[in-house]
Amino acid sequence: MKRAISNELTKWKSKPKRMPLLVYGARQVGKTYTIREFGNEHFNRIVYINLETDALANSWFDGSIEPSRIIKLLESHVKMKIDPKDTLIFLDEVQSCERALTSLKYFNENAPEYPIIAAGSLLGVSIKRENHSFPVGNVDSLTLYPFTFEEFLWSLDESLLLDEIRESFQKSTPIHASLHQKANELYKIFLIVGGMPASILEYLNYGSLASVPDVQNRIVNDYIADMAKYASDSEAVRIRQAFSSIPSQLAKDNKKFQYKVVRKGGSSRVFSEAIDWLEASKTVNKCYGLTTPEVPLNAYKDFSSFKLYMCDTGLLVMASQTPQSIILSDIGIDNRFMGAIAENYVAQHFAASGKSLLYWKSDSKSGGQAEIDFVLQEGASIIPVEVKAGEHTRSRSLSVFASRYKPPYSIRISSKNFGYENGIKSVPLYAVHNI
């Protein structure tokens, strides 16, 4: 199962002044598998330690965390000499051992020749609550997200279709009608299967979508179990309530997160820490409003106004209990929640490619309300992005934005074919990974 992050791992290995690497990511996005595959390809040996299940290895970090001592203990544990030239050290579930996290600082300072990767499902949560110093400035970091549609097509051996999609995107010219139809059908399947490796394997192994929701439900239950394990009882309740409210939040015409939707009388004071937990665990993607769409965009975030998307669109489809028939057939064209699913899909892809998730909403002083789903910064230019689930793409919001802020062009994402007209670049939903 090919992952785009493998290229980044290879770059890390080749750095002349390589530091230990931290790999973030939500539970079950494939961190362990991907890192082990990378290790098998680029090293002669892997020393793998799971700090959650291996109590003995976990205990080593209670004493001195000087690298020479840790290396000796590792060698004794795996009964082999660790040669830094050809051996990868992989500390998995590092959130279970905060001292192991701290030890990366000393590996970087005193034993930089050893290639070492640490990964954890709740690494961001652990760092927020840690009692020991985080190795600031002594680690590189990467985040692994759920599969993108591009990675899903790799798993289906559809590289040639991806080549055609990429070429049409670059030229803004329509792809052949038969390929457009095929790509749209695969996109709909991806909405249901989502980007969790276990869900994709279930689909690949059985060629059916019937049992995929069962796999996704187990993943969500694991997320809920983590909330109970890594938070206090009262905080876990609030985290679970905020997470469970996401389908209802996205079903509103105004998708701005509203605390009262979570619970009657809900407020920022009650739920802000729960939302921070969800964001730190990579379980959700947070999209901030903009006070004004000017360069640099990140300087104009409105931290009081945001939308929450699930990290994986397949999990959203399962959690909302959207019937598969609505997604796969034409009856879903007029279903309002399909717009929320399409937005979640775009947010998932933008997050995976490292883009800041930002949106813009006009004031009501002149000409009524206008809202742009996502706003991107391209160099010194601001690019508005509108998302539509179907082919009905008429909307005044892009026109309002263009007239006010004069972007070099706009992007409209929908189920329509590629094209460019009146300053609007049309991008099919299945090509979002190219933006």
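Procedures and definitions
- Residues numbered from 1 in each chain as written.
- Predicted model: local features only at pLDDT ≥ 70, side-chain atom pairs only at ≥ 80, totals over all residues.
- Heavy atoms only, no water.
- Pairing = 2+ DSSP bridges.
- Helix = DSSP H or I, 4+ residues; strand = E, 2+ residues; numbered from the N terminus.
- Axes fitted to C-alpha atoms, helices over the stretch in contact; angles between N-to-C directions.
- Contact = heavy atoms within 4.5 Å.
- Patch = residues over 30% accessible without salt bridge, like charges linked within 9 Å, V, L, I, M, F, W, Y side chains within 5 Å.
- Areas by Shrake-Rupley, 256 points an atom, 1.4 Å probe, with all protein chains shown as cover.
- Salt bridge = Lys/Arg side-chain N within 4 Å of Asp/Glu carboxyl O.
- Buried < 20%, exposed > 50% of the residue type's maximum accessible area, 1.4 Å probe, protein only.
- Core = buried A, V, L, I, M, F, W, Y, C linked by side-chain atoms within 4.5 Å.
- Parallel < 35°, antiparallel > 145°, perpendicular 65-115°, else oblique.
- Nonpolar A, V, L, I, M, F, W, Y, C, P; charged D, E, K, R; others polar.
- Polar contact = N/O pair within 3.5 Å; in protein donor to acceptor, adjacent residues only side chain to side chain.
- Phe/Tyr/Trp six-rings, centres within 6.5 Å; stacked < 30°, edge-to-face > 60°.
- Lys NZ or Arg CZ within 6 Å of the ring centre and 35° of its normal.

Engineer: Which residues make up the sheet that holds strand 1 (residues 21-24), and what are the values?
Structural biologist: With parallel pairing, 5 strands are arranged side by side in an open sheet as 2-3-4-1-5. Each end of this open sheet is capped by a strand with a single partner; those strands are strand 2 (45-50) and strand 5 (140-143). Direction aside, the axes of adjacent strands within the sheet are offset by 20° on average. Here helix 2 (residues 31-42) sits on the sheet in contact with strand 1, strand 2, strand 3 (87-92) and strand 4 (116-119), set at roughly 175° to strand 3. Along the sheet, helix 4 (residues 67-78) contacts strand 2 and strand 3; its crossing angle with strand 2, the most-contacted strand, is approximately 100°.

Engineer: Report on a nonpolar patch on the surface, specifying residues and quantitative values.
Structural biologist: Taken together, the side chains of Met1, Tyr33, Leu201 and Leu204 define a hydrophobic patch exposed on the protein surface, amounting to about 320 Å² of accessible area. Note that leucine 201 resides in helix 10 (residues 197-206). What makes leucine 201 partly exposed here is its relative accessible area of 37%.

Engineer: Before we move on, can you summarise the sheet that holds strand 7 (residues 301-310) with the specific residues and values?
Structural biologist: The strand order across the open sheet built from 4 strands is 7-6-8-9, with neighbouring strands paired in mixed fashion. Every interior strand has two partners, whereas the edge strands, strand 7 and strand 9 (371-372), have only one. Taken together, the 2 bridges between strand 8 (residues 358-361) and strand 9 define a ladder with antiparallel strand orientation. Considered in strand 9, the bridge of lysine 361 is made with glutamate 371.

Engineer: Which residues make up the pattern of salt bridges, and what values go with them?
Structural biologist: This structure, assessed with the given rule, holds 18 salt bridges. One salt bridge connects lysine 286 with glutamate 279, and the closest N-O pair in it is separated by 3.9 Å. Here glutamate 279 falls in the partly exposed class, since its relative accessible area comes to 27%. A salt bridge links lysine 307 to glutamate 371; the nearest nitrogen and oxygen atoms lie 3.9 Å apart. With a gap of 64 residues between them, lysine 307 in strand 7 and glutamate 371 in strand 9 connect regions that are remote in the sequence. We note that lysine 307, like glutamate 371, is buried.

Engineer: Report on the nonpolar core, specifying residues and quantitative values.
Structural biologist: Ile117, Phe374 and Ile413 are the most contacted members of the largest nonpolar core, which totals 117 residues. It is helix 18 (residues 337-352) that provides the largest number of residues to this core, a total of 10 residues. One finds Ile71, Ala100, Leu101 and Phe107 within the second-largest nonpolar core, a separate group that totals 27 residues.

Engineer: Give a detailed account of the packing of helix 9 (residues 177-193) against helix 16 (residues 313-320), specifying residues and quantitative values.
Structural biologist: Packed helix pairs are specified by the crossing angle of their axes together with the interaxial distance, meaning the distance between the axes. For the pair helix 9 and helix 16, the least separation of the axes is 5 Å and the interaxial angle reads 70°. On the basis of their axis angle, the class for helix 9 and helix 16 is roughly perpendicular. On helix 16, the residues that touch Leu191, Ile192 and Val193 of helix 9 are Thr313, Gly314 and Val317. Within the contact of helix 9 with helix 16, the residues separate by chemical class into 4 nonpolar, 2 polar and no charged.

Engineer: I'd like to hear about the pairing of strand 10 (residues 374-378), residue by residue, with values.
Structural biologist: In the sheet, strand 10 pairs with strand 11 (residues 381-387) via 5 bridges, with the strands oriented antiparallel. For glutamine 377, the partnering residue across the bridge sits in strand 11 and is isoleucine 382.

Engineer: Go over the side chain of threonine 87 with me, naming the residues and quoting the values.
Structural biologist: With respect to the helices and strands, the residue threonine 87 is situated in strand 3. Threonine 87 gets classed as buried once you look at its relative accessible area, which sits at 0%. A polar side-chain atom of threonine 87 sits 3.0 Å from a polar atom in the side chain of aspartate 86. The contacts of threonine 87, once residues within four sequence positions are left out, are Phe43, Arg45, Val47, Met80, Ile82 and Pro115.

Engineer: Go over helix 16 with me, naming the residues and quoting the values.
Structural biologist: Of all 8 residues in helix 16, 6 are buried; the element is thus mostly enclosed. Buried within helix 16 we find Thr313, Gly314, Leu315, Leu316, Val317 and Met318. Contacts from the buried residues of helix 16 go to helix 9, helix 11 (212-229), helix 13 (246-251), strand 7, helix 17 (324-328) and helix 18. The opening residue of helix 16, the one whose side-chain oxygen lies 3.4 Å from the backbone nitrogen of glycine 314, is aspartate 312.

Engineer: Lay out the packing of aromatic side chains in plain terms, naming residues and giving numbers.
Structural biologist: Enumeration according to the criterion identifies 19 aromatic pairs in this entry. Relative to phenylalanine 90, the ring of tyrosine 48 has its centre 5.2 Å away and its plane inclined at 65°; by these criteria the two rings are edge-to-face. Placement of tyrosine 48 in strand 2 and of phenylalanine 90 in strand 3 is noted, with a sequence separation of 42 residues between them. Each member of the aromatic cluster is reached from another via a ring pair, and the members are Phe149, Phe152, Tyr187, Phe190, Tyr203 and Tyr345. Of note, lysine 13 hangs over the ring of phenylalanine 43, and the distance from its end group to the ring centre comes to 5.3 Å. The ring of phenylalanine 306 is capped by lysine 286, whose NZ or CZ atom sits 4.4 Å from the centre of that ring.

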